Amino acid sequence: MTQAVTTTPPGSATDGPLDTGLVDTGETRLDFPDYCSIFAQDCPAGYKCAPYANDGGGAWNDARCVPIVDDPQAPTEPCMVEDTSPTGIDNCDGSSMCWDVDLETLEGTCVPFCIGSAAEPACADPCERCATDSSGFIALCLPTCDPVAQNCAEGEGCYPIDDYFACGPDASAPGTTVGSPCEFINGCPPGLVCVPSSGMPACEAVGCCTPTCAVGGFDPCPKLMPGTVCTPWYGEPPPPERCLVSEPGVCASP
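Residues numbered from 1 in each chain as written. Predicted model: local features only at pLDDT ≥ 70, side-chain atom pairs only at ≥ 80, totals over all residues. Heavy atoms only, no water.

Student: Explain the packing of aromatic side chains to me, please; I cannot follow it from the model alone.
Tutor: For any pair of aromatic rings, the description rests on two quantities: the centre-to-centre distance and the angle between the ring planes. With the rule as written, the count across this model stands at four aromatic pairs. Ring plane angle 85° and centroid distance 6.3 Å describe the contact between F165 and Y234, whose orientation is recorded as edge-to-face. With a gap of 69 residues between them, F165 in strand 13 (residues 164–169) and Y234 in the loop between strand 17 (229–232) and strand 18 (248–252) connect regions that are remote in the sequence. Y234 shares its class with F165; the two are buried. (Phe/Tyr/Trp six-rings, centres within 6.5 Å; stacked < 30°, edge-to-face > 60°. Helix = DSSP H or I, 4+ residues; strand = E, 2+ residues; numbered from the N terminus. Buried < 20%, exposed > 50% of the residue type's maximum accessible area, 1.4 Å probe, protein only.)

Student: How should I be thinking about the state of the cysteines in this particular structure?
Tutor: Put plainly, two cysteines are in a disulfide when a covalent bond ties their sulfur atoms together. Taken as a whole, this structure holds 13 disulfides when the rule is applied. Each sulfur of the disulfide joining C92 and C110 lies 2.2 Å from the other. Disulfide C92 to C110: torsion about the S-S bond roughly -95°, handedness left-handed. Of this pair, C92 sits in the loop between strand 5 (78–80) and strand 6 (96–102) while C110 sits in strand 7 (residues 107–112), and the two are 18 residues apart along the sequence. (Disulfide = S-S within 2.5 Å.)

Student: I tried to follow the pattern of salt bridges on my own but got confused; where do I start?
Tutor: A side chain with one charge can pair with a side chain of the opposite charge if their charged atoms come near. Throughout the structure, instances matching the rule amount to one salt bridge. Here D90 ties to K48 by a salt bridge, and the two come within 2.7 Å at their closest N and O atoms. You can see D90 sitting in the loop between strand 5 and strand 6 and its partner K48 sitting in strand 3 (residues 47–52), a full 42 residues away along the chain. (Salt bridge = Lys/Arg side-chain N within 4 Å of Asp/Glu carboxyl O.)

Student: Please clarify how the nonpolar core should be interpreted in this entry.
Tutor: Within soluble globular proteins, side chains that are nonpolar tend to cluster in buried spots. Within the largest apolar cluster, 21 residues are counted, with the highest numbers of intra-cluster contacts made by M97, W99 and L140. Where this core is concerned, the elements lending two or more residues are strand 3, strand 4 (62–67), strand 6 and strand 11 (139–143). The dominant element in this core, judged by the number of residues it contributes, is strand 11, at three residues. Formed by eight residues, the second largest nonpolar core is a distinct cluster that contains V193, M200, C203 and A252. (Core = buried A, V, L, I, M, F, W, Y, C linked by side-chain atoms within 4.5 Å.)

Student: Which parts of the structure should I look at to understand the side chain of S96?
Tutor: Locating S96 in the fold gives a position in strand 6. Assessed through its relative accessible area of 0%, S96 is described here as buried. A polar side-chain atom of S96 sits 2.8 Å from a polar atom in the side chain of D93. (Polar contact = N/O pair within 3.5 Å; in protein donor to acceptor, adjacent residues only side chain to side chain.)

Student: Just to check I follow, could you spell out unusual backbone geometry for this structure?
Tutor: Backbone phi values are negative for most residues with the exception of glycine, while trans is the configuration of most peptide bonds. Of note in this structure, Q41 is not a glycine but carries a positive phi near 45°. By secondary structure assignment, the location of Q41 is in the loop between strand 2 (29–31) and strand 3. Among the residues examined, Q41 registers a relative accessible area of 25% and is labelled partly exposed. Positive phi outside glycine occurs at Q150, with the angle close to 50°. Considering the arrangement of structural elements, one finds Q150 in the loop between strand 11 and strand 12 (156–161).

None of this, on its own, says anything about what the molecule does.
The following block contains the structure:
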């Protein structure tokens, strides 16, 4: 989603707009790089490299050095931005940015930047995965979730993303239930996932919503969706670093 920020972060000693060229420190003049790296965090001390919109629009399309506020918020802590234009400035520390911002309250949560490189992104926490967007300027470590436990916040579901599950907004239409047609990953309510019609009996759409289940435990699928069994989501047992309570499966045709 578009994050909201302006030029003066809460608690900053900066009273005016951020100068992205040369900063007069009173004794020395500090050169900012023409381009900074989210992964390398190669800005001068007291600044962080953050994504922003260089055209004043609503989408990230560049990165620049922005000041780190005094007494900043750490990852997982609540944060604030000041406006609805992504300038990259918030009150998170130098290792994170304010994410999932409510555009009415301007509040969000500090989420850590990915480490490593664009070619080999990584996260320090094994229970997180590096998520990027099409702009190439967003690289954030987002927590994985358990599709069986559904340990996401209210209004979110645990949905499959590449080789892991992550919390995402529930975008299902009202009345969507077991067997309902779906098209997008988060097009089913929490506890259900959208799978291709080839794995579903009597599914006449591109995909249909099917329940999640725990492989090796009680199989609720024959009752929830006749003609299905609890089928492992992964081709082999997931390694421990996936941070799952149980091996996830979905109700699908045997």
